[in-house]
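Below are the chains, spelled out letter by letter.
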Amino acid sequence: MTTSDYATYIAGLPRILSAAATLFRDERGRVLLVEPNYREGWALPGGTIESDAGEGPRAGARRETAEEIGLDLEPGRLLVVDWARGPGRPPIAAYLYDGGVLSGEQLDAIRLQEEELLSWRLVDRCDLASHLPDQLGRRVVAALEVLDSGAGTAELEDGGPVAPAGPASPGTATRPR
């Protein structure tokens, strides 16, 4: 295969979107949510990964957090990866990182990106479902469960857990579900 053939092959591959967000909590365990001005509902600080500029998920989560709420903090461990499909758009590979527990001083330092956000608030775990869209709400709950249990990263599809496939026999492939 020539270099030109390979470039044509790559150009013809499917495209997906990728996004990264950070889950911040306060000392009472409430989750920090932001209110976008471009759509209904609430979200986590985060957004689209600028992969065309060479940005990876972790760097994207940090950049988006700094832009949206003015806190330039290194994200903690990866809590959730979600393959999120939605009507009228390509799938999104969504990465959710642990932002840790914010101090009162850090909460006081929050400065919203006025071009995109209307407000922010801390929401009790039991009230998350009334603030977050279905897939994102399930993603946040899965992240909190990972933090509670000390388990590894949760793998989701459309906000729901992916059942791991059983062990593969040599030379065979397995498929989840």
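Overview of the structure. Computed from a predicted model, the values in this text were never measured in an experiment. (Residues numbered from 1 in each chain as written. Predicted model: local features only at pLDDT ≥ 70, side-chain atom pairs only at ≥ 80, totals over all residues. Heavy atoms only, no water.)

1. Structural notes on the pattern of salt bridges
Note that side chains of opposite charge can pair when their charged atoms are close. The final tally for this structure, using the stated rule, is 13 salt bridges. Ionic pairing is found between Arg30 and Asp26, a salt bridge with its closest N-O pair at 2.5 Å. In this structure, the salt-bridge partner of Arg62 is Glu74, at a minimum N-O distance of 2.7 Å. Of this pair, Arg62 sits in helix H2 (residues 57-69) while Glu74 sits in the loop between H2 and strand E4 (78-86); the two residues are 12 residues apart in sequence, bridging distant segments of the chain. Arg62 sits in the partly exposed class, given a relative accessible area of 28%. In this structure Glu74 comes out as partly exposed when scored by relative accessible area, which is 49%. One network of salt bridges, with partners in common, ties together Glu50, Glu55, Arg63, Glu64 and Glu67. (Salt bridge = Lys/Arg side-chain N within 4 Å of Asp/Glu carboxyl O. Helix = DSSP H or I, 4+ residues; strand = E, 2+ residues; numbered from the N terminus. Buried < 20%, exposed > 50% of the residue type's maximum accessible area, 1.4 Å probe, protein only.)

2. Topic: the environment of Val123
Note on placement: Val123 falls in strand E6 (residues 117-123). Considered as a pair, Val123 and Arg139 are 16 residues apart in the sequence and their alpha carbons are 15 Å apart. Every residue in contact with Val123, bar those within four places of it in the chain, is listed here: Arg30, Val31, Leu33, Leu128 and His131. (Contact = heavy atoms within 4.5 Å.)

3. A word on the pairing of strand E1 (residues 17-25)
Within E1, 8 of the 9 residues are buried, leaving the element largely enclosed by the surrounding structure. Pairing of E1 with strand E5 (residues 89-101), which is carried by 9 bridges, proceeds in the parallel orientation. When the sheet's bridge partners are listed, Arg25 is paired in E5 with Val101. Pairing geometry for E1 and strand E3 (residues 46-48), over 3 bridges, is antiparallel. By the bridge assignment for E3, Ala21 is matched with Gly46. (Pairing = 2+ DSSP bridges.)

4. Quick look at the environment of Ala94
Tracing the sequence through the fold places Ala94 in strand E5. Accessibility expressed as a relative area gives 6% for Ala94, which makes it buried. Linking Ala94 and Glu115, residues 21 residues apart in sequence, is a C-alpha distance of 23 Å. Each residue touching Ala94, except ones within four places of it in the same chain, is listed here: Ala19, Val80, Val81, Asp82 and Arg139.

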